[in-house]
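Report on the structure
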Amino acid sequence: MGASDNISLGESTFMVEMTEAANILNNVSPHSLVLFDELGRGTSTYDGISIAWAIVEYLHEHSKARSRTLFATHYHELNEMEKNFARIRNYNVSVKEVNNKVIFLRRLERGGSEHSFGIHVAEIAGMPKSIVKRANVILKQLEADNSNVGTAGKAGVKHLDESREGLQLSFFQLDDPVLCQIRDEILGLDVNHLTPVEALNKLNDIKKIVGGKS
């Protein structure tokens, strides 16, 4: 939990995380209490999901490992494990969405979560609105593209859909992310209810986006 780089030994965050996880798994017993927090976050999504899935599977299936385990993760694909493994149970920290705002209720409820609300947190942190809008567009497209990730069965990971050919992040085929932000800003305008002052302010916002590119 809370792993970070070990610069003096030349170990990345992920290496430290894997070393600690390996130590746990090599010494675990049915009497152990195992706590994992965001295991696999230091590498690519597919690698992280695969490692996290395999570790949970090992703890569940290995006769010498069956410890009580709390595994906190944002890999929603792991929700599927409950369907195939008898002793796995999903829980999530509940939230309430009101007028496109998220209220964190800090209450543990039965069932897996379908959202991470990372983009909402970025918005709370003060991220520029154009980036938040663009992130939401990209998120929806990536979720649709990767809808089959995490469908592995109990016998082992049969496949993780890594096909990314034909992925289109822009309706107008714009390769420049700055131009994509400008496009999203324009498409998000309600021109029928825009006052002259609001229009000038929006134009100034777009100018700042363009200025940041140069």
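Throughout this document, residue positions are counted from 1 along each chain, in the order its sequence is written. Residues qualify for local features only when their pLDDT is at least 70, as the model is predicted, and side-chain atom pairs are given and counted only at 80 or more; totals for whole chains, interfaces and linings, by contrast, use all residues. The basis for the side-chain values is all heavy atoms of the structure; hydrogens and waters are excluded.

Time to look at helix α1 (residues 13–27). With 15 residues, α1 should reach 21 Å at 1.5 Å per residue; the first-to-last C-alpha distance of 22 Å fits that figure. Each residue's exposure class comes from its accessible area (1.4 Å probe, protein chains only) as a fraction of the maximum for that residue type: buried when under 20%, exposed when over 50%, partly exposed otherwise. Helical segments are the DSSP runs of H or I of at least four residues, strand segments are the runs of E of at least two, and each set is numbered from the N terminus. Taken together, the buried positions of α1 are occupied by V16, E17, M18, A21 and L25. What makes two residues a contact is simply this: any of their non-hydrogen atoms within 4.5 Å. Considering only its buried residues, α1 is in contact with β1 (33–37) and α2 (45–61). For a helix, the expected span equals 1.5 Å multiplied by the residue count minus one.

Moving on, we come to the packing of aromatic side chains. Ring geometry is summarised as follows: Phe, Tyr and Trp rings, the Trp one being its six-membered ring, pair when their centres sit within 6.5 Å, and such pairs are stacked at plane angles under 30 degrees, edge-to-face over 60 and tilted between the two. In this structure the tally under the stated criterion is 1 aromatic pair. Residues F36 and F71 carry aromatic rings whose centres are separated by 5.5 Å and whose planes lie at 55° to one another, so their mutual orientation is tilted. Residue F36 is found in strand β1, and its partner F71 is found in strand β2 (residues 68–72); the two are separated by 35 residues along the sequence. Overall, F71 belongs to the buried group, its relative accessible area being 19%. In our convention, an over-ring charge means Lys NZ or Arg CZ found within 6 Å of a ring centre and within 35 degrees of that ring's normal. A cation over a ring is seen here: R110 above Y91, with NZ or CZ 5.5 Å from the ring centre.

Turning our eyes to something else, we now look at a nonpolar patch on the surface. Judged by side-chain polarity, L33, L35 and L70 come together as a nonpolar surface patch covering roughly 320 Å² of accessible area. Tracing the backbone shows L35 in strand β1. Since its relative accessible area comes to 38%, L35 is described here as partly exposed. Like-charged residues are merged into a patch within 9 Å and nonpolar side chains (Val, Leu, Ile, Met, Phe, Trp, Tyr) within 5 Å, provided each residue has over 30% relative accessible area and no salt bridge. The protein chains shown are the only cover counted for residues, whose accessible areas, like all others here, come from Shrake-Rupley with a 1.4 Å probe. We define a salt bridge as a contact between a side-chain nitrogen of Lys or Arg and a carboxyl oxygen of Asp or Glu at a distance within 4 Å.

Interpretation in functional terms is not warranted from these geometric data alone.
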